[in-house]
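Residues per chain, in single letters:
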Amino acid sequence: MPVLTDTNLEELKQKALKLRRDIVSMIYEAGSGHPGGSLSVLDILVLLYYKVMKVDADSYLDHDRDRLVLSKGHACPALYAVLADKGFFPAGELGRLRKINSMLQGHPDMCKTPGVEMSSGSLGQGLSVANGMALAARLENSLRRIFVILGDGEIQEGQVWEAAMTSVHYRLDNLVAFLDFNGLQIDGWIRDVMSPEPLLEKWRSFGWHTLEVDGHDYRSLAEGVNRAFAHKGAPTMILARTVKGKGVSFMENKAGWHGKAPGKDEYEQALSELASAKGGGVSHGKDSY
Amino acid sequence: MEKIATREAYGKALVELGQKMEKIVVLDADLSQSTKTVLFAEKFPMRFFNMGVSEADMMGTAAGLAASGFIPFASTFGVFATGRVYDQIRNSIAYTRLNVKIAASHTGITVGEDGASHQALEDIALMRVLPNMTIIVPADGGQTFQAVEAAVAHDGPVYLRLGRLAVPRVIPEGTPFELGKAQLLRQGSDLLIVAAGLMTGQALEAAEMLEKEGIQASVANLHTIKPLDGEFLIRMAKDTGAVVTAEEHSILGGLGGAVAEFLAENFPLPVVRVGIQDTFGESGTPRALLQKYGLTPESLVLAGKKALKLKNSPK
Ligand SMILES: Cc1ncc(C[n+]2csc(CCOP(=O)(O)OP(=O)(O)O)c2C)c(N)n1
Ligand SMILES: [Mg+2]
């Protein structure tokens, strides 16, 4: 159960600033990639990897480690930044993102990247995989936990709802799902493209335990995780309100920054904003959706 | 002779292997009575997961179980086990090299009365183009048992193609089974018939018929379509000089496709493909369908003669 002191909070914020710089830098270096969804999901990953999950570089092949499936695989720069920072592979690899012979593919590849638990990139499949992992943990009477992160556009995929039934049918309370609720997909606002609303009601009607948190506020995220762990008999969906492009002013809430690398000037501006800034969890847009 | 459908043999094999290996788990998508996974479900309810009518989710769940060290068998009809979930298999199973066994029942035209929507005639083609995928098409009940054992022993994704129709034993008892190795069932120097699944029996019958006309045909069972036994094909091609392929599948992209592609590049010679001629199936009894779509010993005899003619025509 994560408990966050003021010092922890400050450390996490500084950590997130550095990781956001890594994200922007690696996408700039690569010349392509997905900054928007990487920046929106980052704080969820930071809380999980630094305060919640039992997994680290030395023991990542330990069978009883906790597992995370990044179902919205295009946001892998955020995961790579975290894994590099935690020492799963040398930080120098980040500069090789999307390049030939790189261990860091454009979308996650579990066969190439240490610490990546599941390949993804084709949206809509991660919750099914996480269910399989949760069933496996239960079959082995293991206390390990399975985490999965979905995009709010991603849940338009039908398979997600097949999987949503499965998690509940098999009472997978060792599974915690996050919805990165940034309100945007590629072609615009999700409510304009294909609204999945009412969101919480949908998950609840499928039998999920649901929570809503501020996806850039570590205390709020930690509180959500604690409540998820405490809930027995059903999986928990944590709807995390986020800002796509979080932390880089000109990227925030802009569909156009879903899958585009910054140019040189933009890159420099982004880095300077992220050098000074107040850190993750402060400038949360009031109504992201 | 006693007949048994390969799906039935599969169900029994699962129970037997499930007894020995705790890591075997089975998933089905509301067809467990038909795919015969029900036998495993009755014996090991805790290791059986009915996913309901949701094949995509079933494949993903199987991937997750495999990623955690289990050996999942995921079963449904061939059409739903391949085309319906192609992307799930591609991205979550093949690309990841996860240890998932896709055991598809009701493949081929002998599905019968249910008609074209339920007759998988292109499933091998779909699976064959996926890197890391192994494809096994057992010819009878005994070989199915060996195929399930081999699938378990192999670490990686496997597509196991099973049928609904009861078929007689065609592979002599005690014949060893090695993944990726063709089996020579009959030796003749004029041509080679390469067959899989229930067409193996048809090929043996055709060889008898050809013999009566003074044509000596070799017959091989190619139970593993991928990886292809290239060494065997070259050796036999050299010995015979003409090849006929026989499968209960489209002539495009399946066994015939694989053999023709391989030989064209490595030992060019006439290859005549017997199979479904790029068309959908229809309702009917399995017998009537085999007849109408030319999956008979008679068609193989004609194909054999065509191959011989090509072989003997001046280049
Ligand atoms: C099956 C599939 N269809 C389409 C895409 C292309 N695609 C990549 S990201 C994306 C939008 C995802 O939106 P969302 O889940 O909200 O992601 P986020 O906003 O967190 O970046 C699409 C359509 C894909 N990767 N997979
Ligand atoms: Mg989104």
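The paragraphs below set out a description of the structure included in this document. (Residues numbered from 1 in each chain as written. Chains lettered and ligands numbered in written order. Predicted model: local features only at pLDDT ≥ 70, side-chain atom pairs only at ≥ 80, totals over all residues. Heavy atoms only, no water.)

Now for helix α6 (residues 86-94) of chain B. What α6(B) keeps buried is the set Gln88(B), Ile89(B), Asn91(B), Ser92(B), Ile93(B) and Ala94(B). Considering only its buried residues, α6(B) is in contact with α4 (126-139) and α5 (158-169) of chain A together with α4 (55-67), α5 (78-81), β5 (101-105) and α7 (123-128) of chain B. (Buried < 20%, exposed > 50% of the residue type's maximum accessible area, 1.4 Å probe, protein only. Helix = DSSP H or I, 4+ residues; strand = E, 2+ residues; numbered from the N terminus. Contact = heavy atoms within 4.5 Å.)

All names here are of chain A. On the protein side, the magnesium ion (ligand 2) has Asp152 (OD), Asn182 (OD1) and Leu184 (O) as donor atoms, found 2.0 to 2.2 Å from it. Positions of the donor residues of the magnesium ion (ligand 2), expressed as sequence spacing, correspond to D-x29-N-x1-L. On the criterion of sequence distance, the pair formed by Asp152 in the loop between β2 (146-151) and α5 and Leu184 in strand β4 (residues 184-185) is long-range, its members being 32 residues apart. The burial state of Asp152 is the same as that of Leu184; both residues are buried. (Donors = N, O, S within 2.8 Å, 3.2 Å for Na, K, Ca; no water.)

In a structure, side chains of opposite charge can pair up when their charged atoms sit close to one another. All names here are of chain A. Across all of its chains, the model carries 20 salt bridges over all chains by this definition. A salt bridge links Lys112 to Asp109; its shortest N-O distance comes to 3.5 Å. You can call Lys112 partly exposed: its relative accessible area is 43%. Look at Asp109 and you get buried, because its relative accessible area is 2%. The network of salt bridges with common partners includes Lys15, Lys18, Asp22 and Asp85. (Salt bridge = Lys/Arg side-chain N within 4 Å of Asp/Glu carboxyl O.)

Residues and elements named next belong to chain B. With respect to the helices, strands and loops of the structure, Leu162 is situated in the loop between β7 (158-161) and β8 (166-168). Sequence separation between Leu162 and Leu198 is 36 residues; the distance between their C-alpha atoms is 9.9 Å. Excluding its chain neighbours within four sequence positions, the residues that come into contact with Leu162 are Thr6, Arg7, Tyr10, Ala103, Ala104, Ser105, His106, Thr107, Pro138 and Thr144.

Turning our attention to the side chain of Asn91(B). Here Asn91(B) lies in helix α6. Polar side-chain contacts of Asn91(B) include one of 2.6 Å to the side chain of Asp87(B). With near-sequence residues (within four places) excluded, Asn91(B) lies in contact with Ser119(A), Ser122(A), Gln125(A) and Thr96(B). (Polar contact = N/O pair within 3.5 Å; in protein donor to acceptor, adjacent residues only side chain to side chain.)

What follows covers unusual backbone geometry. With an omega of -5°, the peptide bond between Glu197(A) and Pro198(A) qualifies as cis. Put simply, Lys226(B) and Pro227(B) share a cis peptide bond, and its omega is 0°. Inspection of the secondary structure assignment puts Pro227(B) in the loop between β12 (224-226) and α10 (230-240). With phi around 65°, Arg98(A) is a residue other than glycine that occupies positive phi space. Of note, Arg98(A) is situated in the loop between α3 (76-85) and α4.

Residue and element names in this part refer to chain B. Spatial strand order, β3-β2-β4-β5-β7-β6-β12: seven strands in an open sheet with mixed pairing. At either margin of the open sheet sits one strand with a lone partner, and together these are β3 (48-50) and β12. Taken pair by pair, the neighbouring strands of this sheet meet at an average axis angle of 20°, ignoring direction. Running at roughly 165° to strand β4 (residues 71-77), α4 makes contact with β2 (24-28), β3, β4 and β5 of the sheet. (Pairing = 2+ DSSP bridges. Axes fitted to C-alpha atoms, helices over the stretch in contact; angles between N-to-C directions.)

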